[in-house]
Each structure stands twice: as structure tokens, then as C-alpha cells.
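The residues making up each chain are set out below.
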Amino acid sequence: MKQSAFKVKEISPDLQGIVAWTVVLTAQGAMPVEFVVTGDRIVTRSGLRVLRAVSVQVLRRALLVRIGADTLGIGHPADDILVPAGQLILIHDWRAQAIFGTERGLVAARRLVDGHWIRAEAKTDVRLFTLEFDAPEVVYAGGLELGCALQTATA
């Protein structure tokens, strides 16, 4: 994987990306985000898309959101998952109706925190991977639909 030196950052509530060891769906099958490389075909909501770049940041202190297993539907996610607080998640359950008045919408993970099934957590030394495509995409990662390179206007 061709990567430049890790960038080190502090807590930011608007950071987006995929936390290390989160499984991403690719044309070759499911694999941890650490193993995807530029040129891989990633399964997105709009079909297979070529991954144009992968960048990695090390967050000394990160504000993450833990989403409990089956919280957003059966198997969504299948296991607890950590995402950055600013990560956009495509929701299509009662939450989308409550937040947006529509069947589905992209929402920052921090807006889903309920203190029980979805909790905010501070972590140290988190590796965060950003996937870049030719256009904004929604990828399947960790049993969720995560926005990549999307604006936070809906967040």
C-alpha cells in the first residue's frame, strides 16, 4: 500500500474515516481496511468503484462513537463498531424519519448517540483510514453504510 508518513492529529468532532480493522466489502471479498490499496474495486451503494487513494491518520486522542450490534437493524452492524464522531452514516430506519422526515439520510455518528446502544467514547492512538474515489460514495464497512468524501451539510 503506497502511503506517505502518518499524519498525527488531536480530537476533532468532524473527522471522517474508517477505523483500523473495520471490514470493507471489495470485489475480492470482505477485508480489513488496512489491506485495501489504490486500484482495488470497492463495493459501494452505486456499484463497484475503483479506489483512487487511501490515506492514514494516527489520532492521538479521538472522539469515536460505538454503535452496538444490531442497533441500526438486524446485522447492522453485526458486531459493535467504532466510527469517528463526524463519520456520515446512511440510515434508513425510524431515525431517518425522526431526523430528516424521509426514508433515509446521511447523518454524523455523533447525532445518533443515545448513551445506551450508541455511545460516545474517547480513545487514544486510533488509526483512521480515508478512502477516496472519483466522486462521493457510500461504502459498506463493518455492517454499516459509510459516506466517503461527502460534505457534512446533512450532518
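These numbers come from a predicted model, not from an experiment.

## Digging into the confidence of the model for the protein chain
Mean pLDDT for the protein chain: 88, with 88% of residues reaching 70 or above. Note on residues 1-6: pLDDT under 50 across the span, and ten contacts to partners over four residues away in sequence or across chains. In this model residues 151-155 is a low-confidence stretch, pLDDT under 50, and it forms ten contacts with partners more than four residues away in sequence or in other chains.

## Thoughts on unusual backbone geometry
Cis geometry marks the peptide bond from His-76 to Pro-77; its omega dihedral reads -10°. Position of Pro-77 relative to the elements: it lies in the loop between strand S7 (53-67) and strand S8 (81-84). Phi is positive for Asp-125, which is not a glycine, with a value near 50°. Examined against the element boundaries, Asp-125 turns out to sit in strand S11 (residues 118-132).

## Describing the side chain of Gln-87
Looking at where Gln-87 falls in the secondary structure, it is placed in the loop between S8 and strand S9 (88-91). A relative accessible area of 1% places Gln-87 in the buried class. Of the polar contacts made by the side chain of Gln-87, one reaches the backbone nitrogen of Gly-17; its length is 2.7 Å. Excluding its chain neighbours within four sequence positions, the residues that come into contact with Gln-87 are Leu-15, Gln-16, Gly-17, Val-107, Ala-108, Ala-109, Leu-146 and Gly-147.

About the criteria used
Residues numbered from 1 in each chain as written. Predicted model: local features only at pLDDT ≥ 70, side-chain atom pairs only at ≥ 80, totals over all residues. Heavy atoms only, no water. pLDDT = per-residue confidence, 0-100. Contact = heavy atoms within 4.5 Å. Helix = DSSP H or I, 4+ residues; strand = E, 2+ residues; numbered from the N terminus. Buried < 20%, exposed > 50% of the residue type's maximum accessible area, 1.4 Å probe, protein only. Polar contact = N/O pair within 3.5 Å; in protein donor to acceptor, adjacent residues only side chain to side chain.

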